Amino acid sequence: WYIHTPYIINLASGNNKTRYGSIGIIKEDLQRASLIGAAMVVTHLGSANAYDMSSSLAKTADALNKIFVGAFHKTSAPGGAAILLREFAAGAGNIIGSSIQQMKAILERVDDKYRQYLKICLDTAHVFASGIDLRTNADAQAFLKEFDREIGLSKLAYIHANDSKVGLGEKKDRHEHLGKGKIGLECFQALIDGVDVDMVVETPTLEGMKEDIILLKKMRK
């Protein structure tokens, strides 16, 4: 199973109470996840409101380094340390983590010895809303190729499989059931064919979620 941190996280905040509080929350969640044997912890990164984007990416990477210092000293679970996943954002406002380039820039600033604990969660609705087209098999494959070239597919560890109520590049986080939104079904088949990772649906209704899961399992044959 997977854990999601609170949505109040901002690793690039100009307010030290918020920034260091966010660092503490993620570190504690990683420790708890490791102790109970959870595979991964998913987190959003925050917004570039106090600094320009370049400085905010550097601040975020510095915060991630601080998170990993001593994060696993309490770990005794047989499964070992949990992995931290940065989730792609939908791109509203000055949100951090809404492009491959931003994710790459952060990773490059993280200390080499911690990179094994840092991977990425792909939310299809967020990626689409941020302006990356996923509607056709070719579009989705092109995205995976760019991701592999810039970051490496080994860093893609988990997928939130959600269709989108909003159109390409509208920068809003609005989930829809698979095949009933603006993305369509080709994207999900391409992702299943392209990467072998766990997928979770975060779609609007319980009954619809059941249908979405059945659909994904059929795609996996």
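Now for a look at the structure at hand. (Residues numbered from 1 in each chain as written. Predicted model: local features only at pLDDT ≥ 70, side-chain atom pairs only at ≥ 80, totals over all residues. Heavy atoms only, no water.)

1. Observations concerning the nonpolar core
To keep it simple, the criterion reads: By nonpolar core we mean a set of buried residues, namely Ala, Val, Leu, Ile, Met, Phe, Trp, Tyr and Cys, connected to one another through side-chain atoms within 4.5 Å. Between buried and exposed lies partly exposed: a residue is buried under 20% and exposed over 50% of the maximum accessible area for its type, with that area taken using a 1.4 Å probe on protein chains only. By definition, any uninterrupted DSSP run of H or I lasting at least four residues is a helix, any uninterrupted run of E lasting at least two residues is a strand, and each is numbered from the N terminus. Whether two residues are in contact is decided by their heavy atoms, any of which lying within 4.5 Å being enough.
In terms of nonpolar packing, the biggest core is built from 53 residues, with Leu11 and Leu216 touching the most fellow members. If one sorts the elements of this core by residue count, helix 2 (residues 53-68) sits on top with six residues. When residues no more than four places from it in sequence are discounted, the contact partners of leucine 216 are Ala161, Leu178, Phe188, Ile192, Met199 and Val201. Formed by seven residues, the second largest nonpolar core is a distinct cluster that contains Val42, Ile83, Cys121 and Ala157.

2. With respect to a nonpolar patch on the surface
Heads up, the rule is: Residues enter patches when their relative accessible area tops 30% and they take part in no salt bridge; the joining distance is 9 Å for like charges and 5 Å for the nonpolar side chains Val, Leu, Ile, Met, Phe, Trp and Tyr. Using a 1.4 Å probe, the Shrake-Rupley method yields the accessible areas, and only the shown protein chains count as cover for residues. Salt bridge, as applied in this entry: a Lys or Arg side-chain nitrogen positioned within 4 Å of an Asp or Glu carboxyl oxygen.
Judged by side-chain polarity, Trp1, Leu35 and Ile36 come together as a nonpolar surface patch covering roughly 350 Å² of accessible area. Structurally, isoleucine 36 is set in helix 1 (residues 16-36).

3. A word on helix 1
Residues that lie three or four places apart on an α-helix share one face, since the helix turns once every 3.6 residues. Under the convention used in this document: Take the residue count of a helix, subtract one, and multiply by 1.5 Å to get its expected span.
The end-to-end C-alpha distance of helix 1, which contains 21 residues, comes to 30 Å, matching closely the 30 Å that a straight helix rising 1.5 Å per residue would cover. Looking only at helix 1, the buried set comprises Arg19, Ser22, Ile23, Ile26, Asp29, Leu30, Gln31, Ala33 and Ser34. Glycine 37 sits one or two positions beyond helix 1 and adopts a positive phi of about 80°.

4. With respect to the side chain of arginine 86
Our working rule: Polar contacts here mean pairs of N or O atoms no more than 3.5 Å apart (in protein, one a potential hydrogen donor and the other a potential acceptor; neighbouring residues in sequence count only if both atoms are side-chain atoms).
Along the chain, arginine 86 falls in strand 3 (residues 83-87). Among the polar contacts made by the side chain of arginine 86, one reaches the main-chain carbonyl oxygen of methionine 103 at a distance of 2.9 Å.

5. Some details on the environment of methionine 219
Looking at the secondary structure, you find methionine 219 in helix 7 (residues 206-219). Looking at methionine 219, the relative accessible area reads 10%, which means it is buried. For the pair methionine 219 and serine 56, spaced 163 residues apart in sequence, the C-alpha separation works out to 39 Å. Excluding residues that lie within four positions of it along the chain, methionine 219 makes contacts with Leu185, Phe188, Gln189 and Ile192.

6. A few points about the layout of surface pockets
Rules: With a 1 Å grid spanning the protein atoms alone, the term cavity applies to any set of points in which a 1.4 Å probe fits but cannot get out, the term pocket to an open set with protein on both sides within 12 Å along at least five of seven lines, and the term lining residue to any residue with an atom within 4 Å of a point. Grid points are joined across faces, edges and corners, and a volume is the space filled by probe spheres set on the points. All amino acids are sorted into three groups, where Ala, Val, Leu, Ile, Met, Phe, Trp, Tyr, Cys and Pro are nonpolar, Asp, Glu, Lys and Arg are charged, and the leftover types, Gly among them, are polar.
Computed from the structure, the largest pocket encloses a volume of approximately 220 Å³. As for the largest pocket, its lining consists of 15 residues, and the residues nearest its centre are His44, Ala89, Ala90, Ile95 and Asp173. When its residues are assigned to classes, the lining of the largest pocket shows six nonpolar, six polar and three charged.

7. Some remarks on the pairing of strand 3
Cut-off, in case you're wondering: Between any two strands, pairing holds if DSSP finds at least two bridges. Place the viewer so that the strands point away; then a crossover is right-handed whenever the path from the first strand over the helix to the second strand goes clockwise.
Most of strand 3 sits out of view: five of its five residues are buried. Side chains Ile83, Leu85 and Glu87 of strand 3 all project onto a buried face; the interleaved residues Leu84 and Arg86 project onto the opposite face, where all are buried too. Two elements, strand 2 (residues 40-43) and strand 3, share four bridges in a ladder whose sense is parallel. Bridging from a neighbouring strand, valine 41 pairs with leucine 84 of strand 3. Note that strand 3 and strand 4 (residues 118-123) share four bridges and pair parallel. Note on strand 4: the bridge partner recorded for glutamate 87 is cysteine 121. Regarding topology, helix 3 (residues 100-109) serves as the crossover connection from strand 3 to the parallel strand 4, and that connection is right-handed.

8. Quick look at the environment of arginine 220
Within the secondary structure, arginine 220 sits in the segment after helix 7. Note on arginine 220: relative accessible area 39%, which makes it partly exposed.

9. Some points on the sheet that holds strand 2
As a reminder of what qualifies: All axes are obtained by fitting lines to C-alpha atoms, using only the stretch in contact for helices, and the reported angles, taken between N-to-C directions, cover 0 to 180 degrees.
Spatial strand order, 1-2-3-4-5-8: six strands in an open sheet with parallel pairing. Whereas interior strands pair on both sides, the edge strands pair on one side only; in this sheet they are strand 1 (2-4) and strand 8 (198-200). Put simply, the sheet's adjacent strands are angled 30° from each other on average, direction ignored. Strand direction decides the pairing type here: strand 1 and strand 2, joined by three bridges, are parallel.

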